[in-house]
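Okay, here's what each chain looks like letter by letter:
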Amino acid sequence: MNMHLGSEAAFRAEIAEFCHDNLDPEVRRRSDLGLPLDEAATLDWQRKLLARGWGAPSWDEEWGGTDWDMRKHFIFEEEMAAQGAPLIGTFAIRMIGPILQAYGNAAQKAHFLPRTLNFDYLWCQGYSEPGAGSDLASLQTRAVRNGEDYIVNGTKIWTSAGHLANHIFCLVRTSTEGRQQGGISFLLIDLDTPGVSSRPVHHFYGPHVFNQFFFDDVRVPVANRIGAENAGWGIAKSLLEHERLFSSRHTEARRKLGRLRRLSHDVRIDGRPAREDPHFRNEMAKRAIELRALENATMRALERLVDDGGIGPFASVLKLRGIEVNQRLDRAIVQLLGPDALPAEATWEDTGLAALFPDEARNAAESRYWWRGPAIAGGSQEVQRTIISKHILNL
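Residues numbered from 1 in each chain as written. Predicted model: local features only at pLDDT ≥ 70, side-chain atom pairs only at ≥ 80, totals over all residues. Heavy atoms only, no water.

### Notes on the overall build of the protein
Point 1. On a plain count of helices and strands, the protein comes out with 13 helices and 10 strands.
Point 2. Out of the 395 residues in the protein, the part that is buried amounts to 52%.
Point 3. A sequence separation of at least 24 residues applies to 73% of the contacts in the protein between residues at least 6 apart.
Point 4. Split by element, the accessible area of the protein, about 18100 Å² in all, is 52% carbon and sulfur. (Helix = DSSP H or I, 4+ residues; strand = E, 2+ residues; numbered from the N terminus. Buried < 20%, exposed > 50% of the residue type's maximum accessible area, 1.4 Å probe, protein only. Contact = heavy atoms within 4.5 Å. Areas by Shrake-Rupley, 256 points an atom, 1.4 Å probe, with all protein chains shown as cover.)

### As for the confidence of the model for the protein
Point 1. Of all residues in the protein, 84% have pLDDT values of 70 or greater, and the mean over the chain is 85.
Point 2. Between residues 345-357, whose pLDDT stays under 50, and residues either more than four places distant or in other chains, the model counts 17 contacts. (pLDDT = per-residue confidence, 0-100.)

### Concerning unusual backbone geometry
Point 1. Although it is not a glycine, Phe119 sits at a positive phi angle of roughly 65 degrees.
Point 2. Summarising the element assignment, Phe119 is placed in the loop between helix H6 (106-117) and strand E1 (123-126).
Point 3. You can call Phe119 buried: its relative accessible area is 10%.
Point 4. We note that Asp270 has phi near 55 degrees; this positive angle belongs to a residue other than glycine.

### So, the pattern of salt bridges
Point 1. Here the structure, examined in full by the defined rule, presents 21 salt bridges.
Point 2. With a closest N to O distance of 3.5 Å, Arg71 and Glu8 form a salt bridge. Taken together, the positions of Arg71 in helix H4 (residues 70-82) and Glu8 in helix H1 (residues 5-22) put the pair 63 residues apart, joining distant regions of the chain.
Point 3. For Glu8, a relative accessible area of 12% corresponds to the buried category.
Point 4. A salt bridge links Arg12 to Glu79; its shortest N-O distance comes to 3.0 Å. Here the residue Arg12 occupies a position in helix H1, and Glu79 occupies one in helix H4, the gap between them amounting to 67 residues. The pair Arg12 / Glu79 is uniform in exposure class, with both members buried.
Point 5. One continuous salt-bridge network, built from bridges that share partners, spans Glu8, Arg12, Arg71, Glu78, Glu79, Arg254, Arg292 and Glu295. (Salt bridge = Lys/Arg side-chain N within 4 Å of Asp/Glu carboxyl O.)

### Remarks on helix H13 (residues 381-391)
Point 1. Buried residues of H13: Gln381, Gln384 and Ile388, and no others. All buried residues of H13 project into a common sector of 60 degrees when viewed along the axis, lining one side. Projecting away from the buried face of H13 at angles above 90 degrees are the exposed residues Glu382, Thr386 and Lys390. (Arc of directions from axis to C-beta.)

### Side note on H6
Point 1. If you check H6, its first and last C-alpha atoms are 16 Å apart, about what 12 residues at 1.5 Å a residue would give, namely 16 Å.
Point 2. Buried within H6 we find Gln108, Phe112, Leu113, Thr116 and Leu117. Taken down its axis, H6 places every buried residue within 120 degrees of arc, on the same side. In this structure, H6 carries Ala106 and Ala107 as exposed residues pointing more than 90 degrees from its buried face.
Point 3. Two or three places before Ala107, at the start of H6, stands the capping residue Asn105, its side-chain oxygen 3.2 Å from that residue's backbone nitrogen.
Point 4. Downstream of H6 by a residue or two, Phe119 has a phi angle that is positive, lying close to 65 degrees. (Expected span 1.5 Å × (residues − 1). Polar contact = N/O pair within 3.5 Å; in protein donor to acceptor, adjacent residues only side chain to side chain.)

### Description of the nonpolar core
Point 1. Core analysis: the largest hydrophobic core is formed by 47 residues, its most contacted members being Trp45, Trp54, Met80, Trp123, Phe169, Phe186 and Leu188.
Point 2. Sorting the residues of this core by element identifies H1, helix H3 (39-52), H4, helix H5 (90-103), H6, strand E4 (167-173), strand E5 (184-190) and helix H7 (232-246) as the ones contributing at least two each.
Point 3. Per-element accounting of this core gives the leading share, seven residues, to H5.
Point 4. In contact with Phe186, not counting residues within four places along its chain, are Ile96, Ile99, Tyr127, Phe169, Cys170, Leu171, Asn224, Arg225, Ile226, Gly232, Ile235 and Leu239.
Point 5. With 19 residues, the next largest nonpolar core counts Leu263, Val267, Ala274 and Phe280 among its residues. (Core = buried A, V, L, I, M, F, W, Y, C linked by side-chain atoms within 4.5 Å.)

### Looking at the side chain of Thr298
Point 1. Summarising the element assignment, Thr298 is placed in helix H9 (residues 278-308).
Point 2. A residue is classified by how much of its surface remains accessible, and Thr298, at 3% relative accessible area, is buried.
Point 3. A distance of 2.9 Å separates a polar side-chain atom of Thr298 from the backbone oxygen of Leu294.

### Observations concerning the state of the cysteines
Point 1. With the rule as written, the count across this model stands at zero disulfides.
Point 2. Cys170 provides the cysteine sulfur closest to Cys124, a residue in no disulfide bond, and the two sulfurs are 8.3 Å apart.
Point 3. Exposure remark for Cys124: the relative accessible area of 0% places this residue in the buried category. (Disulfide = S-S within 2.5 Å.)

Listed below in structure tokens is the structure:
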């Protein structure tokens with residue numbers, strides 16, 4: 001499982017060289033500051049990763065993945081974050097790709113996986129509904145069998161990046177008999193299908209992040225159902241496990257710690273660089289220790305995923321802790337920057353105030369606001385504590 005130190009150093013150097021030769025400096029800068037990237041830049045980077053054989057490291061080799069062990073996967077993500085490379089394909093590479101490989105039939109794999117890998121198919125997730133968020137099993141979007149199709153009616157909300165997607169993986173109700181969880185199926189829906197419409201849902205600080213989708217007599221082939229009819233809950237739980245595994249967000253936290261360290265050289269406290277202030281150094285040390293603990297926990301989860309095929313309720317521990325670590329790093333950055341952290345991203349582009357503030361100040365407050373969202377998405381922090389209490393602590 002563990003790489004030799006020499007080979008680990010060589011692999012890190014290989015990643016660093018690749019990023020130096022292929023990563024656009026502007027993409028690196030925006031990614032490092034947590035600023036949004038345009039679709040063209042994201043796709044260009046994904047194509048470069050594909051050409052190198054790194055487009056989907058966690059996938060099976062048959063479908064374009066690698067034969068890396070978990071340690072090598074972890075180093076890859078860590079070093080990519082250190083180099084300022086953007087995160088790629090959360091919904092496509094990290095979520096629906098593994099689900100298709102685990103539960104899809106041969107025809108579904110052959111059709112969807114290559115198109116997902118090269119980003120011809122851009123995915124979003126259709127789970128939450130206006131009346132079914134943390135209580136996901138109460139979802140009401142219906143799919144009624146009609147020959148070789150399902151007729152889908154209902155709505156999905158809080159769909160991240162749905163305005164950039166052309167496909168959605170969706171939980172739908174195919175039966176009202178028995179337990180709620182037993183009547184749910186997992187469908188793949190082309191968003192260009194007649195009857196699909198959407199509206200933007202703006203984040204409370206302004207940006208268009210989420211969406212609500214409406215399905216009015218949308219005809220979806222039965223061939224687009226993953227797994228058996230009414231067996232979607234088990235698939236959904238597996239996907240949520242993948243989501244919560246990566247919702248430790250350790251790579252994003254690693255970027256933030258690097259940003260905090262850079263700022264400690266430039267921002268002054270009582271006339272001296274912040275890094276020389278004992279109180280700030282203590283704060284930064286705490287954040288570094290928390291991050292290393294989170295990374296170690298994520299590594300243990302990856303090993304458990306390989307050994308046991310899942311990580312169970314430990315996924316809730318990762319999500320809970322990952323959110324806290326990221327929020328504390330954001331708070332530390334905002335506190336260090338002081339008034340310079342106040343402008344939000346919308347201010348920069350709309351008013352031209354960017355020139356009045358240090359580049360490192362950009363997006364600091366917005367990032368702190370944004371991280372209120374992940375504390376709810378994928379199951380709120382309260383839900384995660386309930387899972388931990390019940391399944392780990394046996395309370």
